[in-house]
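Commentary on secondary and tertiary structure
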Amino acid sequence: MEKHVAVVKKELRTDVTLNRVATFARTVPGRLPSASKQYLLDKLPIIQWLPRYSPSWIVQDFMAGLTIGVLLIPQGLAYAKIATIPIENGLYSCWVPAAVMVFMGTSKDLSTGPTSILGLLTAEIIRDLKNEYTPTDISSAVALMVGIWSLLIGLLGLGFLLDYVSIPVLTGFISATAFVIGMGQVKSLVGLDNVPDGAFNQLANTLRRLPHWDGPTCGIGFGTVVVLLIFEKIGKKWGHKHFLIRYMASSRAIIVMVIFTLISYLVNKDRDEYLWDISEVDTDGIQTPKATDAALLSKVVARSIAPLVACTLEHQAVGKAFARRNHYAIDQTQEFNYLGVTNIINSFFGVMPVGGAISRTAVNSECNVRSPLNGAFTAGFIILTLYVFSPALYWLPSSTLAAIIIMAVIHLFGPISLIWHYWRVSLADFIACMVSFWVTIFVSAEIGIGAAAGWSVAWTLLRSAFATPSIHASTNSSETTNASGTAPLPLTRVFSTMTGTTATATVQQPQQQPSDLPLNTASMTENASGLPIPEDTLVVRFRDSIFFPNAGRGKAAALEAAQLAYPSVASPRYGDEGERSWSVAAERRLARLRESRGVVVRGMPLAVVVWDFGLVPFIDATGLVALAELKDDLRRQLGATVQVRLVALEPGVRRRFERAGWQLADADGLINGAADLVYPSLERAIWDERDRDSLKGITTEKS
């Protein structure tokens, strides 16, 4: 009994997990005060950058903040229209993000506010719940849940989950949302009612009803498009010559809004029936804060995940891109916290979800903004607009707003050349892009991005499941014949052994100089190191983590390669091999493979198997079991004294071997006879001659 107790105590004392917990419990209390201070500093970056603020920067921050404030007026109104909430709520959504950015933002360039994609995703949720709640209440609930999810991701460090949404998925999703948003605004551009849902249905219906387009509405709408295009062309051609030209071009949306709002006012102010639809913006300053209904919140918990993904991905991508361009770094975790706090506070004021926007961020960067303080001026201008300037927006034509939206999203389309690039580079990426694009158009944006992300996850799992090792062994041209068995195959060297492709090149070399043959493919290749391999040695190069999806398949590939190239050896340790003579299927399969791949069984048995772990960052319990079975099967079928040698073991991987009870010993240290040797280099593992004579006298099968 005491012996068992001692064993249990030893196991508990040496258990890695328990030791980690004990170390954590011992060290955390002492580190807590300093860690808490640093934690608070990280959550409020203004504490770090404000003491370094130079008074000379305030002019540039003021100009940048004012410019973004001006841009947010038409964009806030337009994107609220996409979200199908009262358009004045788009303005309500703009001031809190800018104000919070001053205290919590880690990017001087990022402009956070309503975006077209968030407008579309919010509109889809509103469409399904509008019979139970008002659009404003629904959009506020979505904003609150986006904030809660984002804050949880930031606090728990779960941002890596969004890495499963790849760039091709985003390209397809953004292009599709741009098309859906644009088609949704065409009816307002030409003055049509009762247009059906669905982007292609809207396009067909609009073209079929061409004779019924409203003339004055089309004049205002297409006039807005023309003016926007003129300003854009002027900016591209002469913007580099003067800051004022560049400023006017980047602010073209507010300019056309002022022009056509003034025209609308002059034409319609004395009319009982307006000549075209107007927006009738009605604001009374900042709204009174209002909490979200708990029952409504429970209905948007899951639906808010799609806006969360779109919001955070665009925000992080834009932030990183402009930080790299302007030679600084953002804190991605803190940006999740910022988005969370911003959307949570914002949700009390009747808003839509907000995130970073590339167009406004680009303008902010062009204004040479110097710090996040520019957000204070942006917030101030938006609040001033809500209280002072908003009455003028009452006369804003709906077709002008639709034209601003269409011209904004048209630039979001991924170019055809980029889609072709995905096709050329990776079929999986092309499929992910197309799934995202077509499902978003024909089903919904939520399901579109979900289906594409699901495809990316599934493809990643499949790649892991089918990651098999590359197998290398020596061959002489006299021993290796082609598939027909009539002529020797040329010696080759391979400089790449990527899964699914093999690049080979015939080389001239002496007859005694061996090359390497990957026995799991039909092509003759050499291991990437270019090292010659002895005839009695097999090199197994693992090319991914060895864990439950791929462990069994990798074991089978390595064992099959060894059986193809080397004769089976009578191993008394494992009993009478003749007892299995009733089953000939495996032997016949090996014979067929040898013939089809041009492999001739070597004249000497296998002596050494080298496992190269240079590309293996992780191994789990299933992987260890598979390797143990592989080792046992090699000795059972190819010789009881086959040596297994390990190379390039990562410290973490080696610890897992040792914790599993696998006996390992360094080749340069004291050697336990039962232990497998770990070598510092592949060359030494291949050419170490110790114990190679151990197979003398063992009877091999006749080949």
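Scroll up to find the structure this text is about.
Numbers given for residues are sequential positions, taken from 1 along each chain in its written order. Predicted model: local features are reported for residues with pLDDT of at least 70 only, side-chain atom pairs are reported and counted for 80 or more only, and whole-chain, interface and lining totals are derived from all residues. Side-chain descriptors were evaluated using all non-hydrogen atoms of the structure, hydrogens and water having been removed beforehand.

Remarks on helix H9 (residues 167-190)
- Given a rise of 1.5 Å per residue, 24 residues ought to cover 34 Å, and the 35 Å separating the end C-alpha atoms of H9 matches this to within 8%.
- Burial classes: relative accessible area under 20% of the type maximum marks a residue as buried, over 50% as exposed, and values in between as partly exposed (1.4 Å probe, protein chains only). A helix here means a DSSP run of H or I that spans at least four residues, while a strand means a run of E at least two residues long, and both kinds are numbered starting from the N terminus. Burial of H9 is extensive: 21 of the 24 residues sit out of reach of the surface.
- Taken from the residues just after H9, Gly191 is the one with a positive phi, measuring 80 degrees. Expected span of a helix, by definition, is 1.5 Å for each gap between consecutive residues, and there is one gap fewer than residues.

Structural notes on the environment of Met248
- If you trace the backbone, Met248 turns up in helix H12 (residues 243-250).
- In this structure the C-alpha to C-alpha distance between Met248 and Glu232, which are 16 residues apart in sequence, comes to 9.2 Å.
- Each residue touching Met248, except ones within four places of it in the same chain, is listed here: Phe231 and Ile255. The contact rule is simple, with two residues in contact once any of their heavy atoms fall within 4.5 Å.

Re unusual backbone geometry
- Phi at Thr84 takes a positive value of approximately 60 degrees, unusual for a residue other than glycine.
- Tracing the backbone shows Thr84 in the loop between helix H4 (58-82) and helix H5 (88-92).
- Judged by its relative accessible area of 43%, Thr84 falls in the partly exposed class.
- In this model, Asn368 sits at a positive phi of 55 degrees, which is unusual for a non-glycine residue.
- Examined against the element boundaries, Asn368 turns out to sit in the loop between helix H17 (358-366) and helix H18 (374-389).

Some remarks on the pairing of strand E9 (residues 643-647)
- By the criterion of burial, E9 is predominantly enclosed, with five of the five residues buried.
- Of the pairings in the sheet, the one linking strand E8 (residues 608-612) to E9 comprises five bridges and is parallel in character. Across the sheet, the residue bridging to Val609 is Val644, located in E9.
- Throughout, right-handed denotes a crossover for which the path from the first strand over the helix to the second runs clockwise when the strands point away from the viewer. One crossover worth recording links E8 to the parallel E9 by way of helix H25 (residues 621-638), and it is right-handed.
- The sheet contact formed by E9 and strand E11 (residues 676-679) spans three bridges and is parallel. Among the inter-strand pairings, Val647 is bridged to a residue of E11, identified as Tyr679. Strands pair, by our definition, only if DSSP identifies at least two bridges between them.

Side note on the pairing of E11
- The alternating pattern of E11 places Asp676 and Val678 and Leu677 and Tyr679 on opposite faces, both of which are buried.
- Relative to E11, strand E10 (residues 664-666) is paired through three bridges, and the arrangement is parallel. For Ala665, the partnering residue across the bridge sits in E11 and is Leu677.

Re a positive patch on the surface
- Patches here: salt-bridge-free residues with over 30% relative accessible area, like charges joined within 9 Å, nonpolar side chains (Val, Leu, Ile, Met, Phe, Trp, Tyr) joined within 5 Å. Accessible surface area values rest on a Shrake-Rupley calculation with a 1.4 Å probe, where residue burial reflects the displayed protein chains alone. In the sections that follow, a salt bridge refers to a side-chain nitrogen of Lys or Arg positioned within 4 Å of a carboxyl oxygen of Asp or Glu. Charged residues are defined here as Lys and Arg on the positive side and Asp and Glu on the negative side; His and the ends of the chain fall outside this count. The atoms used to mark charge sites are NZ of Lys, CZ of Arg, CG of Asp and CD of Glu. Positive charge collects at one region of the surface, where Arg20, Arg655, Arg656 and Arg659 lie side by side.
- Per element, the largest residue contribution to the positive patch is three residues, and it comes from helix H26 (residues 651-659).
- Note on placement: Arg656 falls in helix H26.

Thoughts on the packing of helix H11 (residues 215-238) against helix H19 (residues 398-409)
- To obtain each axis, a line is fitted to C-alpha atoms, and for helices this fit is confined to the stretch in contact; angles are then taken between N-to-C directions over 0 to 180 degrees. Two numbers describe how H11 lies on H19: the axes approach to 8 Å, and their chain directions differ by 40 degrees. With respect to H19, the element H11 is oriented oblique. Here the hand of the crossing between H11 and H19 comes out right-handed. Residues Thr217, Ile220, Gly221, Thr224, Val225, Leu228, Leu229 and Glu232 of H11 form the contact with H19, whose participating residues are Ser399, Thr400, Ala403, Ile404 and Met407.
- A per-class count over the contact of H11 with H19 returns seven nonpolar, five polar and one charged. Roughly parallel here means an angle under 35 degrees, roughly antiparallel means over 145, roughly perpendicular means 65 to 115, and every remaining angle is called oblique. Crossings are sorted by hand: turned counterclockwise from the far helix by less than a right angle, the near helix makes the crossing left-handed, and turned clockwise it makes it right-handed. Classification convention: Asp, Glu, Lys, Arg as charged; Ala, Val, Leu, Ile, Met, Phe, Trp, Tyr, Cys, Pro as nonpolar; all other residues, Gly among them, as polar.

Notes on the nonpolar core
- Grouping buried Ala, Val, Leu, Ile, Met, Phe, Trp, Tyr and Cys residues that are joined through side-chain atoms within 4.5 Å yields what is termed a nonpolar core. Grouped together as the largest cluster of nonpolar side chains are 111 residues, with contacts concentrated most on Ile73, Leu77, Ile138 and Val300.
- Element by element, the count of residues in this core is highest for H9, at 12 residues.
- Other than its neighbours up to four places away in sequence, Val300 contacts Ile125, Leu129, Ala141, Val142 and Met145.
- Core analysis: the next-biggest nonpolar cluster, separate from the first, contains 34 residues, Ala565, Phe613, Ala626 and Leu664 among them.

Focus: the layout of surface pockets
- For cavity detection a 1 Å grid was placed over the protein atoms alone, and a set of points counts as a cavity when a 1.4 Å probe fits there but cannot get out; an open set counts as a pocket when protein lies on both sides within 12 Å along at least five of seven lines, with lining residues being those that have an atom within 4 Å of a point. Grid points are joined across faces, edges and corners, and a volume is the space filled by probe spheres set on the points. Estimates place the volume of the largest pocket at around 1500 Å³.
- Around the largest pocket sit 48 residues that line it, and Ile358, Ser359, Ala408, His411 and Leu412 are the ones nearest its centre.
- Per element, the largest residue contribution to the lining of the largest pocket is eight residues, and it comes from helix H15 (residues 305-325).

A short note on the packing of H9 against helix H10 (residues 199-208)
- Where H9 contacts H10, the two axes come as close as 9 Å, and the packing angle between them is 30 degrees. By the angle between their directions, the pair H9 and H10 is classed as roughly parallel. The chirality of how H9 crosses H10 is left-handed. Taken together, the residues of H10 that come into contact with H9 (itself represented by Phe179, Val180, Met183, Gly184, Val186 and Val190) are Ala199, Phe200, Gln202, Leu203 and Thr206.
- Considered class by class, the residues forming the contact of H9 with H10 number eight nonpolar, three polar and no charged.

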